[in-house]
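Structure assessment
Now for the letters of each chain:
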Amino acid sequence: MKKLLKKLYIFLILLFLYAPIIVLIVYSFNASKSRAVWQGFSLTWYQQLFTDSKILSALETTFLIALIASVVATVLGTFAAMGMMKMKKKTFETVRTITYIPVLNPDIVTGVSLMMLFAFIGIELGFVSMLLAHITFCTPYVIISVLPKLYQLDMSVYEAAQDLGAKPFYALRKTIIPQLMPGIVTGFLLSFTLSVDDFVISYFTTGGHVENLSMIVFSMARKGVNPKINAVSALLFVTVMILLLIVNKRELSSKKHAAKNKDTLLNREKQIIKYRRNEGK
Amino acid sequence: MSKRRFAFPYLIWMTIFIVVPLFLIFFYAFTDNASGKTLFTLEHVKAIFQPLYLKVIGRSFYMSLIATLVCFVMGYPAAMILASKDFSQKNTMLILIVLPMWMNFLLRTYSWLSLLENEGLINRFLVSIGLGQVQLMYNNFAVILGMVYNFLPFMILPIYSVLVKIDKSVVEAAKDLGANGARVFLRIIFPLSMPGVVSGITMTFMPALSTFVISRLLSGGKITLIGNIIEQQFTITGDWGLGSALSLLLMVLIFISMIFINKYGDESVGAGGLL
């Protein structure tokens, strides 16, 4: 009885969390424009989606920005993490704290502060400013993903490669980078997901000249419910869901391989702190 | 191997795109450019204390507090059930509860529109059973519901992760010494779960306080929160001074809550969640 009640409670919580999204997706297949009446299954809204030039260009912007931003953030963040390892304790702490600012600050503050920056240095709001903003909020997540991998690094392989005559950069590419790869890929996937998902920061850094999918949803949703937004939302939702499941699955399987240490973002921060403390001794 | 100079490109990036924007918030919050010269001023900070804005700040606090309280009341039992030993499929349930944390809150807020609006599903149901239409949107209720919906996972996760770490032998010892269920909860489990509660409360309260999307969409622009004022200053009014001063207020609150979390909270549950 008690067990059943527990199950029921969790079921109700999950129902609360997922019901609105399921309704949203179901109604994106509704033949009628009136969202409350079900008039049969149809793909009309999806068809309209792919003929709407505004939505198509938003789709292009979303994925182009996500791709470029996550690639740049991954390269920038990976090298940053490697460099940070060699810093003195105080410098490291400072850089780490600053890196966490975009993660902890409310998105609206990050958004408006970047908007002021672009006005200040004279970059016109649009695609470029949006891209710069996305790189800025993605890079910290790459650093957080890669740093713990650096602590577990086996340096002897790198030294051996150099002893055998490999040039430093070649040795780096062949010995260090492969060991860091799981962290780098997680960082990349997280960046990509966050970029596709972002609304607030994009909203303030594009000045209305460029729109991503979230911005389209926002500007249309202000005028009320529209089955076309349901279709956009459903697509966005499924995309992000798949990306998240990939990230999660990677984390879970890497957990199985290294069962001793749960390698989640949850524990990374702790690992970083612990490592730095030992370093200080 | 990895040399310190590898971090140089990022250090430059970080300085331009993280440090300078922060400085700009301070700069605009404390200077005035009206007379053509940039002068130090406290006007923008003072402006926050005008009755008009004080009312908005008060409303933001009030609604975020209620949302946080509701999240706590709903979330604590959920976290306890998830943390209890005899609950099967724990991991699947946990992932299902955490996944929305990483999903676009704009979409999640929008999804409530089709349920709450006058011709929405809930109202159609109420009409069909003869109860008549109820105004569910464009009021405090809708905005608070939106906040609870969006931030509930942020309450459950930190409490859960503290509860699973509680040493079972302490609970057993209390029971052996004759404490009943309620007493064990009040004297052992709840006090030990405080770090998670503190983290959960801050992780729910802060995003609720700074939102502008939830209030904009679910109240149709009728209810103004701090976030909406900031948004207006930067997109319509162009009063960056006031916008920056209010952003600064949010940052100060984040800073205070971080100190609070570091002191009393569970530090392992940062912004990351389970992923």
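Residue indices begin from 1 for each chain and proceed along its sequence in written order. Numbering of ligands from 1 and lettering of chains from A proceed in the order in which they are written. pLDDT decides what is reported in this predicted model: residues at 70 or higher carry local features, side-chain atom pairs at 80 or more are listed and counted, and totals for whole chains, interfaces and linings draw on all residues regardless.

1. Quick look at the overall build of chain A
Helix and strand counts for chain A stand at 12 helices and zero strands. A run of DSSP states H or I qualifies as a helix once it reaches four residues; a run of E qualifies as a strand once it reaches two. Both are numbered from the N-terminal end. Along its sequence from the N terminus, chain A presents helices and strands in the succession α-α-α-α-α-α-α-α-α-α-α-α. Across the 281 residues of chain A, 44% fall into the buried class. Contacts are defined on C-beta atoms placed from the backbone: any two residues whose C-beta positions lie within 7 Å are in contact. If you take every contact in chain A between residues at least 6 apart in sequence, the share linking residues at least 24 apart comes to 77%. Residues are called buried when their C-beta atom has 20 or more other C-beta atoms within 10 Å, exposed when it has 12 or fewer, and partly exposed otherwise; all C-beta atoms are positioned from the backbone.

2. Overview of the overall build of chain B
A count of helices and strands for chain B gives 13 helices and two strands. With respect to the principal axes defined by its C-alpha atoms, chain B has extents near 75 × 70 × 40 Å. Across the 275 residues of chain B, 48% fall into the buried class.

3. Comments concerning the interface of chain A and chain B
At the interface, 71 residues of chain A touch 73 residues of chain B. Ranked by residues supplied to the side of chain A that touches chain B, first place goes to helix α1 (residues 2–27) of chain A with 12 residues. Three classes are used, and their members are as follows: Ala, Val, Leu, Ile, Met, Phe, Trp, Tyr, Cys and Pro are nonpolar, Asp, Glu, Lys and Arg are charged, and the others, Gly among them, are polar. Here the side of chain A that touches chain B is built from residues that sort into 51 nonpolar, 12 polar and eight charged.

4. Overview of the nonpolar core
With 152 residues, the main nonpolar core has A:Val217 and B:Ala79 as its most contacted residues. Take this core: its biggest share by element is 17 residues, from helix α7 (residues 140–163) of chain B. A:Val217 has contacts with A:Ile229, A:Val232, A:Ser233, B:Leu106, B:Leu107 and B:Tyr110, leaving out every residue within four places of it along the chain. Take the buried Ala, Val, Leu, Ile, Met, Phe, Trp, Tyr and Cys residues, join any whose C-beta atoms are within 7 Å, and the set you get is a nonpolar core.

5. So, the confidence of the model for chain B
Residue and element names in this part refer to chain B. Confidence per residue, as judged by the predictor, is encoded in pLDDT with a range of 0 to 100. On average, chain B scores 86 in pLDDT, and the residues at 70 or more come to 96%. Averaged over each element, pLDDT in chain B is lowest for helix α4 (residues 90–98) (79) and highest for helix α1 (residues 8–30) (95). Counting contacts from residues 270–275, a segment whose pLDDT is below 50, to residues more than four positions away or on other chains yields 22 contacts. The ipTM assigned to the predicted complex is 0.86, against a pTM of 0.85.

6. Description of helix α10 (residues 194–210) of chain B
The terminal C-alpha atoms of α10(B), which comprises 17 residues, lie 24 Å apart, in line with the 24 Å expected from a rise of 1.5 Å per residue. Burial analysis of α10(B) places 16 of its 17 residues in the buried class, which makes it a mostly covered element. How far a helix is expected to stretch is found by multiplying one less than its residue total by 1.5 Å.

7. Quick word on the confidence of the model for chain A
Residue and element names in this part refer to chain A. In this model, chain A carries an average pLDDT of 84, and 88% of its residues clear a pLDDT of 70 or more. Considering each helix and strand of chain A separately, the mean pLDDT is smallest for helix α12 (residues 265–280), with a value of 49, and largest for helix α5 (residues 107–121), with 95. Below a pLDDT of 50 lies the segment residues 258–266, which in the model reaches 18 contacts outside its immediate sequence neighbourhood of four places, other chains included.

8. Structural notes on the environment of B:Pro51
Position of B:Pro51 relative to the elements: it lies in helix α3 (residues 51–83). As a C-alpha pair, B:Pro51 and B:Phe72 span 21 residues in sequence and 31 Å in three-dimensional space.

9. Quick notes on the packing of helix α4 (residues 89–104) of chain A against α1(B)
Relative orientation of the contacting elements α4(A) and α1(B) amounts to 50°, with a least axis distance of 10 Å. Classed by the angle they form, the pair α4(A) and α1(B) counts as oblique. Like other packed secondary-structure pairs, α4(A) and α1(B) cross with a definite hand, here left-handed. Where α4(A) abuts α1(B), its residues A:Ile98, A:Thr99, A:Ile101 and A:Pro102 lie against B:Met14, B:Ile18 and B:Val19. In terms of residue class, the contact of α4(A) with α1(B) is built from six nonpolar, one polar and no charged. Axis angles are defined between N-to-C directions and span 0 to 180 degrees, where every axis is a line fitted to C-alpha atoms and, for a helix, only to the segment in contact. Note on angle classes: values under 35 degrees are labelled roughly parallel, values over 145 roughly antiparallel, values of 65 to 115 roughly perpendicular, and the remainder oblique. Crossing handedness is read from the near helix: turned anticlockwise from the far helix by less than a right angle, it gives a left-handed crossing, and turned clockwise, a right-handed one.

10. Things to note about the environment of B:Val56
Relative to the assigned elements, B:Val56 resides in helix α3. Look past the residues within four positions of B:Val56 in its chain and what remains in contact with it is B:Thr224, B:Leu225, B:Ile226 and B:Ile229.

11. Describing the environment of A:Gln48
Tracing the backbone shows A:Gln48 in helix α2 (residues 44–49). In the structure, A:Gln48 is positioned 183 residues away from A:Ala231 in sequence and 9.5 Å away in space, judged by C-alpha atoms.

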